[in-house]
Amino acid sequence: MLVHRSGTTRFAVTAALFVVLALLLTLLTVFALPGSAAAASGDTPARGSAHLGMGVVAHDGQGGLPRDGRAVQTEGVDVSSHQGNVNWASLWSSGVKWAYVKATEGTYYENPYFAQQYNGSYNIGMIRGAYHFATPDTTTGTAQADFFVNNGGGWSRDGKTLPGVLDIEWNPYGDACYGKTQSAMVTWIRDFLNRYKARTGRDAVIYTATSWWTQCTGDYSGFATANPLWVARYNTTVGTLPAGWSYYTMWQYTSTGPIVGDHNRFNGALDRVVALANG
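Keep in mind it's a predicted model, so treat the numbers as computed, not measured.

Topic: the overall build of the chain
For the chain, the helix and strand inventory stands at nine helices and nine strands. Counting all 279 residues of the chain, 45% fall into the buried class. Taking the intrachain contacts of the chain between residues at least 6 apart in sequence as the baseline, contacts between residues at least 24 apart amount to 68%. As displayed, the chain offers around 13000 Å² of accessible surface, 57% of which is attributable to carbon and sulfur atoms.

Examining unusual backbone geometry
Even without glycine at this site, Asp219 takes up a positive phi of about 60°. The phi angle at Ile259 is positive, at roughly 70°, despite the residue not being glycine. Mapped onto the secondary structure, Ile259 falls in the loop between β8 (250–254) and β9 (263–266).

Observations regarding the packing of helix α6 (residues 141–150) against helix α7 (residues 182–200)
A pair of packed helices is captured by two measures, namely the crossing angle of their axes and the spacing between those axes. One way to put it is that α6 packs onto α7 with a least axis distance of 7 Å and a crossing angle of 40°. In this structure, α6 meets α7 at a crossing whose hand is right-handed. In contact with Gly141, Thr142, Gln144, Ala145, Asp146, Phe148, Val149 and Asn150 of α6, α7 contributes Trp188, Asp191, Phe192, Arg195, Tyr196, Arg199 and Thr200.

Considerations on the packing of aromatic side chains
Scanning all chains against the criterion turns up 15 aromatic pairs. Look at Tyr100 and Trp230: their rings are 5.1 Å apart centre to centre, the planes differ by 40°, and that puts the pair in the tilted class. Note that Tyr100 is positioned in strand β2 (residues 98–105) and Trp230 in strand β7 (residues 229–232), a separation of 130 residues in sequence. Across the pair, Trp230 and Tyr100 agree in class, each one buried.

A few points about the state of the cysteines
Applying the stated rule across the entire model yields one disulfide. Note on cysteine connectivity: Cys177 is disulfide-linked to Cys216, with sulfurs 1.9 Å apart. Taking the sign of the S-S torsion, -75° for the link of Cys177 and Cys216, the bridge is left-handed. Of this pair, Cys177 sits in the loop between β5 (165–167) and α7 while Cys216 sits in helix α8 (residues 210–217), and the two are 39 residues apart along the sequence. Assigned by exposure class, Cys177 and Cys216 land together as buried.

Remarks on α8
Considered for burial, the residues of α8 that qualify are Thr210, Trp212, Trp213, Cys216 and Thr217. The buried residues of α8 occupy one face: seen down the axis, they fall within an arc of 160°. Of the surrounding secondary structure, the elements contacted by the buried residues of α8 are α7, β6 (205–208) and β7. Remark: Gly218 follows α8 within two positions and exhibits a positive phi of approximately 75°.

Some words on the nonpolar core
Of all hydrophobic cores here, the largest spans 69 residues; its most connected members are Trp98, Tyr100, Ile168, Ile189 and Trp230. No other element matches the seven residues that α7 contributes to this core. If near-sequence neighbours (up to four positions away) are discounted, Tyr100 is found in contact with Val77, Asp78, Val79, Gly129, Ala130, Tyr131, Leu162, Pro163, Val165, Val205, Trp230 and Met250.

Describing the pairing of β7
Residues Leu229 and Val231 point to one face of β7 and Trp230 and Ala232 to the other, with burial holding for every one of them. Sheet topology places β7 next to β8; three bridges connect them, and they run parallel. Following the sheet pairing, Val231 is matched in β8 by Trp251.

Topic: the pattern of salt bridges
Enumeration over the complete set of coordinates arrives at five salt bridges. The partner of Asp137 in a salt bridge is Arg47, and the shortest N-O contact between them spans 4.0 Å. On the criterion of sequence distance, the pair formed by Asp137 in the loop between β4 (127–133) and α6 and Arg47 in the loop between α2 (37–43) and α3 (56–60) is long-range, its members being 90 residues apart. Residue class for Arg47 comes out partly exposed when judged on its relative accessible area of 30%.

Observations concerning the side chain of Gln117
With respect to the secondary-structure elements, Gln117 resides in helix α5 (residues 114–124). Within the structure, the side chain of Gln117 is placed 2.8 Å from the backbone oxygen of Gly84, a separation counted as a polar contact. Apart from residues lying up to four places away in sequence, Gln117 is in contact with Val79, Ser80, Ser81, Gln83, Gly84, Val86, Trp88, Val101 and Asn111.

Some remarks on the environment of Thr236
Note that Thr236 resides in the loop between β7 and β8. With 169 residues separating them in the primary sequence, Thr236 and Arg67 have C-alpha atoms 6.6 Å apart.

Basis of the calculations
Residues numbered from 1 in each chain as written. Predicted model: local features only at pLDDT ≥ 70, side-chain atom pairs only at ≥ 80, totals over all residues. Heavy atoms only, no water. Helix = DSSP H or I, 4+ residues; strand = E, 2+ residues; numbered from the N terminus. Buried < 20%, exposed > 50% of the residue type's maximum accessible area, 1.4 Å probe, protein only. Contact = heavy atoms within 4.5 Å. Areas by Shrake-Rupley, 256 points an atom, 1.4 Å probe, with all protein chains shown as cover. Axes fitted to C-alpha atoms, helices over the stretch in contact; angles between N-to-C directions. Left-handed = near helix turned anticlockwise from the far one by under 90°. Phe/Tyr/Trp six-rings, centres within 6.5 Å; stacked < 30°, edge-to-face > 60°. Disulfide = S-S within 2.5 Å. Arc of directions from axis to C-beta. Core = buried A, V, L, I, M, F, W, Y, C linked by side-chain atoms within 4.5 Å. Pairing = 2+ DSSP bridges. Salt bridge = Lys/Arg side-chain N within 4 Å of Asp/Glu carboxyl O. Polar contact = N/O pair within 3.5 Å; in protein donor to acceptor, adjacent residues only side chain to side chain.

Quick look at the structure:
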């Protein structure tokens, strides 16, 4: 009888341990940190994988393509490691004349395809620039501006290099506004922009979507006088712009364009793209 009770006890303890382990595995899956195996499976993307317009369709939806209007516009693309090695010759032949390439994210990520994409677009004849995907919850705006400039985000007056872009949009790794109040977000953005200008002599372009800007900055209008606007909206018209901007400089209008998905229109002829490059 003593042996029988001992065997029953061991079985009960073993069963209990299995239950505890199963619960732990469930919790790890639900609360996986960004970049972990569970997060990479689909719940949360891996750190570094963010790119221009990553949250547009999920938050703002997607409509039709814009019609050709009377105003002259110049086609462009934006790329990141998501596209890998880009066929720049095909894009050039299709009419694409400018490009932006993701250089950095936060202070922890550099695009491994940056050289092929940044130099390849330049060598084919395009006017190109670099962009930084902001993560205001990880480090300061000043630190991220320095990281960007130090890793591909600089500028030179050669007629072929566009000013750097601050990509500020929905957080793909957590809270949409990165856990910041509207005033704290404006301060973070201002710190980035001020540092970028101090390092390069240029005012950075701001890439954003109107709905995110309204939600996370309170539709702040104070950057419009100095910083060109690159607005994201996948629809037939550009729609309402963020406060302060009476016109857009660039418009990302689709993530399903030919050759590479993300296509844009510059609000002007090619000579205006050159003018922005030259400052």
